[in-house]
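# Analysis of the macromolecular model
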Amino acid sequence: MEQRGNFTSKIGVVLATVGSAVGLGNVWRFPTEVGNNGGAAFILIYLACVLFIGVPVMVSEFVIGRSTHANTITAYRRLAPGTWWRVGGIQGVFVSFLIFCYYIVVAGWTLHYTVASFLNQLSADKDYTAYFQNFVRSPWEPVVYAILFILMVHVIIVRGVEHGIEKFSKLMMPLLLLIIGVLMVCSFSMSGFSEGIAFLLNPDFSKVTASVVLSAVGQAFYSLSLAMGCLCTYASYFSSDTNLVKTALSVSLIDTCVAVLCGFIIFPAVFSVPGVEADAGPGLVFITLPHVFNTAFHNVPLIGYLFSLLFYVLLMLAALTSAISLHEPITAYLHEEWHLSRKRAAWIVTSGCMLLGVVCSLSMGVWNDFRIGGLCMFDLFDFVSAKIILPLGGILICSFVGWKLNRQLVYDEVTNRGSLRVRLFGVYIFLVRWVAPLAIAVIFYNELFRK
Ligand code: PFF
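Residues numbered from 1 in each chain as written. Predicted model: local features only at pLDDT ≥ 70, side-chain atom pairs only at ≥ 80, totals over all residues. Heavy atoms only, no water.

### Looking at the overall build of the chain
- Per the secondary structure count, the chain includes 18 helices and zero strands.
- The C-alpha atoms of the chain give a radius of gyration of 21 Å, which matches the 22 Å a tight globule of 451 residues would have.
- In terms of principal-axis extent, the alpha carbons of the chain reach across some 65 × 45 × 45 Å.
- The 451 residues of the chain split such that 59% are buried.
- Of the charged side chains in the chain, 27 are positive and 23 negative; the average position of the first set lies 10 Å away from that of the second. (Helix = DSSP H or I, 4+ residues; strand = E, 2+ residues; numbered from the N terminus. Rg over C-alpha atoms; globule rule 2.2 N^0.38 Å. Buried < 20%, exposed > 50% of the residue type's maximum accessible area, 1.4 Å probe, protein only. Lys, Arg positive; Asp, Glu negative; His and termini not counted. Charge placed at Lys NZ, Arg CZ, Asp CG, Glu CD.)

Dropping the structure here:
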């Protein structure tokens with residue numbers, strides 16, 4: 001049995017965890033939600049959700065992972081031996097698998113759009129809706145890209161925690177931030193800059209309804225990678241002097257800044273082209289933006305080309321670092337509990353996800369007629385994982401740390417055995433015991449029974 005991996009530096013801890021958090025949720029989902037839910041008012045509510053629900057849940061996952069230094073399933077079993085609480089660990093690993101299977105489909109699209117931008121295929125005036133739909137519905141193209149993407153994830157995972165995940169995150173995350181900086185400079189020089197920024201910064205509270213608040217909580221969970229076993233697994237590689245609260249605050253802050261900065265990139269671009277809607281929905285990134293890149297820079301096509309290429313590289317890298325964090329909880333479990341070598345464990349996960357990923361991908365096209373409960377496989381995976389298992393998992397984590405775990409153990413973890421002063425420990429416990437689980441329960445009820 002190989003030795004258990006660990007992150008070797010503080011910066012490695014933060015960058016790997018930020019790598020998990022920053023993904024399609026920031027670049028694709030967040031601007032879409034902002035566009036649909038009234039701009040800055042949504043952002044303000046989102047910030048409150050991150051602070052009062054996201055950070056406490058993240059610290060709780062860190063406590064579970066770091067106190068046991070084990071994969072998620074073993075972690076729950078060690079902390080509450082012989083009890084039903086082990087379901088918490090099982091759901092974490094299971095839901096990462098489900099999400100991974102359809103996440104790689106969209107991640108494959110980002111790879112395709114990167115290649116297409118590089119080959120300058122997105123620049124000719126074309127019907128971008130038809131282009132996107134033809135690609136997604138093709139029986140082989142999205143499948144090939146999804147498989148290529150998962151192989152990229154696999155190569156990183158088999159190299160291990162230190163030489164794979166940590167090293168890759170240390171390389172890619174600064175690059176990602178650099179790309180965001182360059183794209184922002186481009187956005188600042190566009191004609192729709194002030195309109196785009198106004199859209200992002202002027203809150204329109206008339207649009208705020210209960211469902212907008214619920215979307216904000218859902219977005220916070222998704223964007224911070226909460227309740228999926230990923231953060232718990234990553235925390236099991238933290239060293240005993242990692243400051244859990246500070247790490248959770250830094251990761252949440254960086255993740256939120258990246259999401260908002262992506263808004264600063266996308267909306268000025270969108271408002272620079274007359275007739276394009278800011279609330280274009282999920283098609284924003286794959287249909288609206290190629291059109292925008294092409295039209296806004298028609299005078300200087302080279303800038304349009306570079307803007308488009310950099311944007312899709314950004315999207316792909318963000319998806320890649322998140323995807324490795326979805327692969328890791330399952331690989332770690334198989335490696336540690338089934339006593340398989342890391343390489344073999346990773347192959348099992350990769351093959352299983354490839355199989356189901358292909359099914360999810362084809363369900364957007366040739367297998368679209370095969371439906372369960374009216375949903376194609378892609379939507380079914382999304383629905384079961386994001387709408388059912390995730391909220392339940394969130395409630396489980398909060399209840400586990402807030403009610404079941406020994407208070408002294410939680411205190412010891414949060415304060416590194418008393419060596420750190422954590423002034424708001426009581427507030428943290430209150431949020432984990434009451435605020436977070438109740439808020440999640442309300443979303444769960446609303447999503448499932450009200451719509
Ligand atoms: N947080 C990622 C994003 O914003 O795209 C998605 C994600 C990654 C969700 C890892 C869950 C996860 F465990």
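Further notes follow.
### Thoughts on the pattern of salt bridges
- Applying the stated criterion across every chain yields a total of six salt bridges.
- With a closest N to O distance of 3.3 Å, Lys170 and Glu166 form a salt bridge. A residue pair is termed a helical-turn pair when its members lie 3 or 4 positions apart in one helix, as Lys170 and Glu166 do in helix α8 (residues 160–188) at four residues.
- Under the relative-accessibility criterion, Lys170 is labelled partly exposed at 34%.
- The residue Arg417 makes a salt bridge to Glu413 at a minimum N-O spacing of 3.3 Å.
- Beyond isolated ion pairs, a larger network of salt bridges with shared partners links Arg66, Glu413 and Arg417. (Salt bridge = Lys/Arg side-chain N within 4 Å of Asp/Glu carboxyl O.)

### Points about the packing of α8 against helix α14 (residues 301–337)
- Closest axis-to-axis distance for the α8/α14 pair is 9 Å, and the angle between their directions is 150°. Put simply, α8 runs roughly antiparallel to α14. The crossing of α8 and α14 is left-handed. (Axes fitted to C-alpha atoms, helices over the stretch in contact; angles between N-to-C directions. Parallel < 35°, antiparallel > 145°, perpendicular 65-115°, else oblique. Left-handed = near helix turned anticlockwise from the far one by under 90°.)

### With respect to the site of the ligand
- In the vicinity of the ligand lie 15 residues, with Gly25, Tyr103, Tyr222, Met228 and Cys230 positioned nearest.
- Interatomic distance of 2.9 Å between a backbone N/O atom of Leu24 and an oxygen atom of the ligand.
- Between Asn26 and the ligand, the recorded distance is 3.4 Å, taken from a side-chain N or O atom to an oxygen atom.
- Here the ligand has 330 Å² of accessible area as a free molecule, and 100% of this is covered by the chains. (Near = heavy atom within 4 Å. Polar contact = N/O pair within 3.5 Å; in protein donor to acceptor, adjacent residues only side chain to side chain. Areas by Shrake-Rupley, 256 points an atom, 1.4 Å probe, with all protein chains shown as cover.)

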